Amino acid sequence: MSDFDFDQIQKTVEAELERITSFQQLQVFQHKYLGRKGVIPSLTRQLSKLEPVQRRQLGQRINALKQRLINYIAEKEPLFKTQASSQSFSLSELSLPGIAQELGHLHPITRVIEEICGVFMRMGFSVVEGPEIETEYNNFTGLNIPLEHPARDVFDTFYLEPRAWIRDRKELKERLLLRSHTSPVQIRVMRARKPPLAVVVPGRVYRPDAVDASHSFMFHQIEGFMVDEDIRFSDLKGVLEVFLKAIFGQEISMRFRPHFFPFTEPSAEVDIGCIICKGEGCSVCSRKGWLEILGAGMIHPNVFKNVGYDPNKYTGFAFGLGVERIAMLKYSINDIRLFFENDLRFLKQF
Amino acid sequence: MRFTYNWLNEFVEIKLKPQALAQVLTMAGLEVVFLEEKEGDFVFEIEITSNRPDLLSIIGIAREVAALTGKKLKLGSFSLKSYRGFNSNFKIEIEDRNDCLLYNAKIIKNIKVGSSPDWLKQRLELVGCRSINNIVDITNYVMFVWGQPLHAFDLDKLDDCCIIVRRAKDKEELITLDGQKRILDPQTLIIADKKKALALAGIIGGENSQISQNTQHILLEAAIFNPLIIRRTRQRLGIQTESAYRFERGLEPQILKSASWEAVDLMRRICGGMLILDKTQGRPKKKDKIIYFNSQQVKRSLGIEIDQKKIITILVSLGFKVKKQKKALKIGIPSYRKDISLEMDIVEEIARIYGYENIPTSLPKVLTKIEPDLKRTYILKIKDILIGLGLDEVLTYSLTDKETLKDFGLESKEAVSILNPLSKEQEVLRTSLLPSLLNIIIHNLNQKQNYVRIFEIAHIFSFLNDRPQEELSLGLGIAGVKPTLTCQGLIKEEMGFLHLKGIIQMLLDRLGIDNYSFKLNEKEGIDLYLGKERIGFILMRSILKNKKAYLAEISLTRLFGFIRLEKRFTPFPVYPAIIRDISFILKEGTFIEELIEEIRRQGQPFLKEARVIDFYKGKQVPPGFQGLTISCLYRSDERTLTEEEVNPLHDGVVKMVVEKFNARIR
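Residues numbered from 1 in each chain as written. Chains lettered and ligands numbered in written order. Predicted model: local features only at pLDDT ≥ 70, side-chain atom pairs only at ≥ 80, totals over all residues. Heavy atoms only, no water.

K.L.:
Is there a simple way to explain the overall build of chain B in this structure?
P.N.:
If you tally the helices and strands in chain B, you get 18 helices and 31 strands. At 40 Å, chain B has a C-alpha radius of gyration far larger than the 26 Å of a compact globule built from 666 residues. By its C-alpha atoms, chain B is 130 × 60 × 50 Å across when sized along the principal axes. Evaluated residue by residue, chain B yields a buried proportion of 51% over its 666 residues. Total accessible area computed for chain B in this model is approximately 32,900 Å², and 49% of it derives from carbon and sulfur atoms. (Helix = DSSP H or I, 4+ residues; strand = E, 2+ residues; numbered from the N terminus. Rg over C-alpha atoms; globule rule 2.2 N^0.38 Å. Buried < 20%, exposed > 50% of the residue type's maximum accessible area, 1.4 Å probe, protein only. Areas by Shrake-Rupley, 256 points an atom, 1.4 Å probe, with all protein chains shown as cover.)

K.L.:
I tried to follow the domain arrangement of chain A on my own but got confused; where do I start?
P.N.:
Partitioning chain A into structural domains gives domain 1 (3-92) and domain 2 (108-347). Summarising the inter-unit geometry, the C-alpha centres of domain 1 of chain A and domain 2 of chain A are found 78 Å apart. (Domains from an automatic or database assignment.)

K.L.:
Which parts of the structure should I look at to understand the interface of chain A and chain B?
P.N.:
Frequently, the measure chosen for interface size is the accessible area removed from exposure when the parts meet. On the side of chain B, 93 residues touch chain A, which itself brings 96 residues to the contact. Carbon and sulfur atoms make up 55% of the area that chain A and chain B hide from each other, which totals about 8,300 Å². On the chain A side of the contact with chain B, E148(A), R163(A) and P258(A) bury the most area, a combined 9% of that side's loss. Joining chain A to chain B, the criterion identifies six salt bridges. A salt bridge links R204(A) to E456(B), with the nearest nitrogen and oxygen atoms 2.8 Å apart. Counting the contacts that link chain A with chain B gives 38 residue pairs in polar contact (both at pLDDT 80 or more). With eight residues, the top contributor of residues to the side of chain A that touches chain B is helix 10 (residues 233-248) of chain A. Counted by class, the side of chain A that touches chain B contains 49 nonpolar, 20 polar and 27 charged residues. (Contact = heavy atoms within 4.5 Å. Buried area = accessible area lost by both parts, 1.4 Å probe. Salt bridge = Lys/Arg side-chain N within 4 Å of Asp/Glu carboxyl O. Polar contact = N/O pair within 3.5 Å; in protein donor to acceptor, adjacent residues only side chain to side chain. Nonpolar A, V, L, I, M, F, W, Y, C, P; charged D, E, K, R; others polar.)

K.L.:
Hey, could you run me through the packing of helix 12 (residues 374-388) of chain B against helix 15 (residues 497-510) of chain B in this one?
P.N.:
What describes two packed helices is the angle between their axes and the distance between those same axes. Residue and element names in this part refer to chain B. Where helix 12 meets helix 15, the closest approach of the two axes is 10 Å, and the angle between their N-to-C directions is 135 degrees. Taken as axis vectors, helix 12 and helix 15 run oblique relative to one another. Of the two elements, helix 12 crosses helix 15, and the hand of that crossing is right-handed. Here helix 12 contributes K381, I382, I385 and L386 to the contact with helix 15, which in turn contributes I503, L507 and R510. (Axes fitted to C-alpha atoms, helices over the stretch in contact; angles between N-to-C directions. Parallel < 35°, antiparallel > 145°, perpendicular 65-115°, else oblique. Left-handed = near helix turned anticlockwise from the far one by under 90°.)

K.L.:
Honestly, helix 2 (residues 18-27) of chain B in this entry has me stumped. Any pointers?
P.N.:
Taken residue by residue, helix 2 of chain B has P18(B), L21(B), A22(B), L25(B), T26(B) and M27(B) as its buried positions. Directly after helix 2 of chain B, the chain includes G29(B), whose backbone phi takes a positive value near 100 degrees.

K.L.:
Before we go on, may I ask you to explain empty space enclosed by the protein in this structure?
P.N.:
Here the idea is plain: a probe the size of a water molecule rolls over the atoms and shows the empty space left. One pass over the structure, following the stated rule, counts five cavities of 30 Å³ or more. Estimates place the volume of the largest cavity at around 380 Å³. Lining the largest cavity we find 23 residues, and of these I113(A), E129(A), G203(A), K383(B) and I457(B) sit closest to its centre. Those elements giving two or more residues to the lining of the largest cavity turn out to be helix 6 (108-122) and strand 4 (197-206) of chain A together with helix 12 and strand 21 (451-464) of chain B. Take the lining of the largest cavity: its biggest share by element is five residues, from helix 12 of chain B. Looking at the lining of the largest cavity residue by residue, the classes come out as nine nonpolar, five polar and nine charged. (1 Å grid on protein atoms, 1.4 Å probe; cavity = no way out; pocket = protein on both sides within 12 Å on 5 of 7 lines; lining within 4 Å. Points joined across faces, edges and corners; volume = space filled by probe spheres on them.)

K.L.:
Quick question: what am I supposed to make of the pairing of strand 4 (residues 91-94) of chain B here?
P.N.:
Residues and elements named next belong to chain B. Residues I92 and I94 point to one face of strand 4 and are all buried, whereas K91 and E93, pointing to the other face, are not buried. Taken together, the four bridges between strand 4 and strand 7 (residues 162-167) define a ladder with parallel strand orientation. Residue pairing in the sheet places E93 in a bridge with I164 of strand 7. (Pairing = 2+ DSSP bridges.)

K.L.:
Can you help me understand the packing of aromatic side chains in this one?
P.N.:
In the structure shown here, the tally under the stated rule is 25 aromatic pairs over all chains. Arranged with centres 5.6 Å apart and planes meeting at 55 degrees, the rings of Y309(A) and Y314(A) form a pair that is tilted. With respect to burial, Y309(A) and Y314(A) carry one shared label: buried. Through successive ring pairs, a cluster of aromatic residues spans F120(A), F125(A), F243(A), F317(A) and F319(A). Cation over ring: R664(B) sits above F625(B), and NZ or CZ is 5.9 Å from the ring centre. (Phe/Tyr/Trp six-rings, centres within 6.5 Å; stacked < 30°, edge-to-face > 60°. Lys NZ or Arg CZ within 6 Å of the ring centre and 35° of its normal.)

As structure tokens, this is what we get:
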């Protein structure tokens, strides 16, 4: 071993240092030169065979090189470590599934309710909720649906059985029921507040319907209404247009058809062009090319009178829609029972 | 309401093709739900809303078509020449004028009952009405044209020359035309003679007076009954007929007259009969409805200016009588339009004919002062947290059966019952969300899911002071074995009590609630307290083979008051802390929260935190014992603590644990 050899070693070391670009390479390098059986320790071990003068000279140079390498590694190691270069993973490691905490899922009905309420909140509406147990007055009479009127036929309703001693008391005229629509919240809000009002009401409603693919005795509705001194039918059209386009897309076509609801006058049913067949006619729209989406109208003067508003001063509109129907159209769900079966294979898709 | 294109064409000239006509009708509120070409004609079916009984007639629909297309309504006239008006002692008795507003009887003699001519049969069959014989067919035909139901009795089957409109006696019997024996009661209005019931007024005739091949003379009834009585009887007996459908929506005297005379005319021509009596009992008050209409209403409520001339044209075309006055239009409402009584009703008529599609869209300025609903914010926040903790939201029915509640160990006496459930599953309103959640868990485990973690936020119901109350409730449920992939490989963990407790603790923590505690209850479950108030519980239920479900229910109505979502920054501690861990073995059955509480007390004034950082059972620990490591953090807010200060304090804590809880230090 000579000085010349050491010069050669030093050159090789410098060249190898140049080429180190990753943590792994650095580790290999460290192992090669500083490891227990590495180059430098073996050089040190050979020193004893040398003459004292040579030993001292070379010893100093070896120590200098060793120090330089230690410093170099100390300096570069953190850098390479944080680089997190993908080259430092093996392919099989890279292609294993990632590890993360699993998230749950909101029910699709909640998603649709939040999406719809969100659209209306951006237009300045407030969200209000009401009880599911209602009085007959709020559910019917206040909304201009007289007792024993054919108009009530479409609102089959669950009534509550009163406690025995109450049943026998004559003064309890009012029957309690499970609300058959979210409209009674109109009465509650208008009785409690003065216009201007812009409110949306999501919630559960109940009707004694036999359960099948398109009927459920419990479902969800969203009611909306706006009351002020100058609210017009054209405003109803405008607001619902913004809403339907936000939910179903800007290209959607829509139409307002005259209809009858006891609590609005004029009343309308609103259709959108069938989103399945684009108006050609298919089984979803019963070959009509149109899908009935919601009912709406200008709040009936009698409803205003019932809540103590002056119908000559205030006008307003109201609308109501079925959340399940919208969700079924939006997510291509063909059976309403899926919403209440709560199979995780269904829920985890949303 | 069904009609045909050709039939309608007899009353108004239609220039539109059937499809185009359907479109026009639909957009005017007469929604065509069915259109089919059949036997050289087109059958339409229109959904008639309950406010427009006048459209339950072909003439009514023709009137709309005329208004919509600018044509004239064509009404024929009947020749009444053959009527000679014999005098007769025939009597009509109406027991209560409130039950029957008007009763008209016509007696036609010497008719020939037979099958109807083909045109008549075809008409009826196209609109879905079975042909019976010429007399019955004519009454039906006239009902479809005019909307006024008629009924023909075999005159010879009547005892004495009289008709009585009265309430049935209790248990009185009548076999109706559908072959059913009906047991009647005094709420039922019937047509009778001196001896027996003949028909359920307005609903269905009786077999005892029905028209047969041998019938020679008939009594033709045209009447107006109290809609409410017809409705109630129809509901009670569960019969729906074309006749009842019209009676319960209300009829109109002027139309009754025309309908009845047209029937007589047709019978004369088809069955060869001769009218010998026309007698009416009851005289309905004639009240012309007048509405003063300000044209400004149109602009005010529709948002569009419509020329007054146009308004008048529309109203006149619908049969309204319009007079221009200084400030308003004086509008006479035709008697068949019972739905029109307010200015807004007129606005709707104008809008309908003008076309909703021709009303522009605008956006209102909204200036509402309703403050946001905190409750809703909380619910959304809770859902977010639970979703983040890996739970799936479910929605289940609020109605259930008593059995399910009982099986779960809930008192069904407190449940609110439904008066008119369709099935047993809708018997009562649920008093807890948990039975439903347990069902969902079982369903999903049966569907081969490894594990289930679910929650629901919904109302539960119960009686409070004999009034039904609703309470917003949060239900949580977990079960099964959850496989988790970690860097060290697969870990399988059974979802257990501590997972559910952890979810609840994390939820409360994120809602800013810290004064909660868990206490054992008598039912081998855990109660959750906020301060001194019990607001929820956790329990376990065994399901399937060896599997357990953990369920919790928390009253949100009560929880809401404790939520603190506002945040406030606490500066970092200035002085360093000294941390000492204690590892010890403890007898099982120790309530660890109590132990921690004691440690906190003992470690004052410098103990800031004491928490479990490890627990273990197994080989290293004798049976009946568990190992526990508690980390204690000591710190002062005023200076750096020295070992000399902390050591005696911590020794005191260890001593307390050993002495008070029989712990063995490891």
